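Geometric and topological summary
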Amino acid sequence: MKTADIFNEKTVFSLEVFPPKPDSDESVIYGTLEQLSDIHPDFISVTYGAGGGKNGCKTIKIASDIVTKYGVSSVAHLPCINHTKEQITQILDSITASGIDNVLALRGDIPEGCVLTGDFRHANELVTFIHENYDLNIIAACYPETHPESKNAVEDIKCLKHKVDCGVDHLITQLFLDNDDFYAFREKTQLAGIDVPIEAGIMPVTNKRQVERMVKLCGIKLPTKFVRILERYEDNPIALRDAGIAYAVSQITDLVAEGVDGIHLYTMNNSFTAHKIYDAVQSLI
Ligand code: FAD
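Heads up: these notes are all about the structure in this document.

Conventions adopted
- Residues numbered from 1 in each chain as written.
- Predicted model: local features only at pLDDT ≥ 70, side-chain atom pairs only at ≥ 80, totals over all residues.
- Heavy atoms only, no water.
- Helix = DSSP H or I, 4+ residues; strand = E, 2+ residues; numbered from the N terminus.
- Rg over C-alpha atoms; globule rule 2.2 N^0.38 Å.
- Buried < 20%, exposed > 50% of the residue type's maximum accessible area, 1.4 Å probe, protein only.
- Contact = heavy atoms within 4.5 Å.
- Areas by Shrake-Rupley, 256 points an atom, 1.4 Å probe, with all protein chains shown as cover.
- Pairing = 2+ DSSP bridges.
- Axes fitted to C-alpha atoms, helices over the stretch in contact; angles between N-to-C directions.
- Core = buried A, V, L, I, M, F, W, Y, C linked by side-chain atoms within 4.5 Å.
- Expected span 1.5 Å × (residues − 1).
- Near = heavy atom within 4 Å.
- Polar contact = N/O pair within 3.5 Å; in protein donor to acceptor, adjacent residues only side chain to side chain.
- Nonpolar A, V, L, I, M, F, W, Y, C, P; charged D, E, K, R; others polar.

1. Details of the overall build of the protein
Helix and strand content of the protein: eleven helices and eight strands. Rg of the C-alpha trace for the protein: 18 Å, near the compact-globule value of 19 Å for 285 residues, within the 12% margin. Counting only C-alpha atoms, the protein reaches 50 × 45 × 45 Å along its principal axes. Counting every position in the protein, which comprises 285 residues, the buried fraction comes to 52%. Relative to all contacts within the protein whose residues are 6 or more apart in sequence, the contacts with residues 24 or more apart total 80%. Surface summary for the protein: the accessible area is close to 13,600 Å², and the carbon and sulfur share equals 50%.

In structure tokens form, the structure reads like this:
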């Protein structure tokens, strides 16, 4: 099912998983998916390492199995920065042949000092390519706190509007911890004439290392009340996990009350946390 159709019916609730590392046990992800499918999410998206290689095959295989084994719609992520047009065509052909209806069209992060050899410079070029050549539902990424490489929020919104106009059907945000950043961003998108559904990306932060990684990688800001939680429970992993779940639940409760189009939960392949959050919010969505 194409994800854009679901927004007409309800507040969307979707999940994100990542494929197993090359030398880890593949059966683990299928155990996780089995548990996640009990949540009956509107779709599950599967990430794809920008480096490509075997990870890409795994993304497509897992996204295809989500549809056929668990009866849930799926989304294959596809970063384009390291790929030629020929390679992207092969991947998209494989996606369509595998019964996957939805692609998250991404540029991908550019590793420091990396010489770019692909045919795509920005995600909008991939969106155009898919839109012109495939009957796929196209999703793209957006950034409530502005993409770290952007000069400013105005330029970032301008680029986002252009990307959406190239053929995007729905957007998913980078994770954020302060809902006011999301509301301010949503208002800017409305003023810019961006009228596709925007799902809010929520990550339950359940350990300190994960927070440090997020700040480094995504440049997201930590609200004072969140820092207080971290400081109080950093030496108590169970308490920090529970506080992280409670924080995500309070974010979702507020977002749904404010009429968000959908919630995209970054599960980090943790079905325990995803279930706890879903149990707390299922009557709201
Ligand atoms: P773009 O839309 O190309 O934007 C990147 C930057 O360039 C922005 O600053 C933008 O303002 C600017 N820009 C955009 N278009 C133009 C233009 N035409 N001319 C000039 N400037 C422009 N990465 C992975 O490798 N694998 C994944 O599976 C993955 N999944 C993700 C899922 C979500 C929901 C999100 C939010 C991000 C994900 N990422 C993933 C990370 C993503 O690849 C990075 O954030 C990357 O740095 C930007 O990707 P983008 O598609 O947003 O790029």
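What follows picks up the thread again.
2. Focus on the sheet that holds strand 1 (residues 12–17)
Taken in spatial order, the eight strands of this closed barrel run 1-2-3-4-5-6-7-8, and their pairing is parallel. Adjacent strand axes in the sheet meet at a mean angle of 25°, parallel and antiparallel pairs treated alike. In terms of strand pairing, strand 6 (residues 170–173) meets strand 7 (residues 198–202) through two bridges, oriented parallel. Opposite Leu171, over in strand 7, you have Ile198 as the bridge partner. Relative to strand 7, helix 7 (residues 179–191) is tilted by about 160°, and along the sheet it contacts strand 5 (137–142), strand 6 and strand 7.

3. A short note on the nonpolar core
Leu33, Leu92, Ile95, Ile130, Leu171, Leu255 and Ile263 are the most contacted members of the largest nonpolar core, which totals 65 residues. The greatest single-element share of this core, amounting to six residues, is contributed by helix 10 (residues 237–257).

4. Considering helix 10
The end-to-end C-alpha distance of helix 10, which contains 21 residues, comes to 30 Å, matching closely the 30 Å that a straight helix rising 1.5 Å per residue would cover. Those residues of helix 10 that fall on the buried side of the exposure criterion are Leu240, Ala243, Gly244, Ile245, Tyr247, Ala248, Val249, Gln251, Ile252, Leu255 and Val256. On the buried face of helix 10, the contacting elements are helix 7, strand 7, helix 8 (208–218), helix 9 (224–233), strand 8 (262–266) and helix 11 (271–281). In the stretch just after helix 10, Gly259 is the one whose phi turns positive, near 80°.

5. Some details on the pairing of strand 3 (residues 74–79)
Most of strand 3 is tucked away: six of the six residues are buried. Of the two faces of strand 3, the one holding Ser74, Ala76 and Leu78 and the one holding Val75, His77 and Pro79 are both buried throughout. Relative to strand 3, strand 2 (residues 43–46) runs parallel, the two sharing three bridges. When the sheet's bridge partners are listed, Val46 is paired in strand 3 with Ala76. As paired elements, strand 3 and strand 4 (residues 102–106) share five bridges and run parallel to each other. Within the sheet, the bridge partner assigned to Pro79 lies in strand 4 and is Leu106.

6. Observations concerning the site of the ligand
Residues in contact with the ligand amount to 24 residues; listed here are only the nearest, Tyr48, Asp109, Tyr143, Asp156 and Lys163. Asp156 is positioned with one of its side-chain polar atoms (N or O) 2.6 Å from an oxygen atom of the ligand. Protein contact buries 83% of the 970 Å² of open area that the ligand shows by itself. Of all elements in the fold, only strand 3, strand 4, helix 5 (123–133) and helix 6 (153–165) reach the threshold of two or more residues within the shell around the ligand. Within the shell around the ligand, the residues separate by chemical class into eleven nonpolar, eight polar and five charged.

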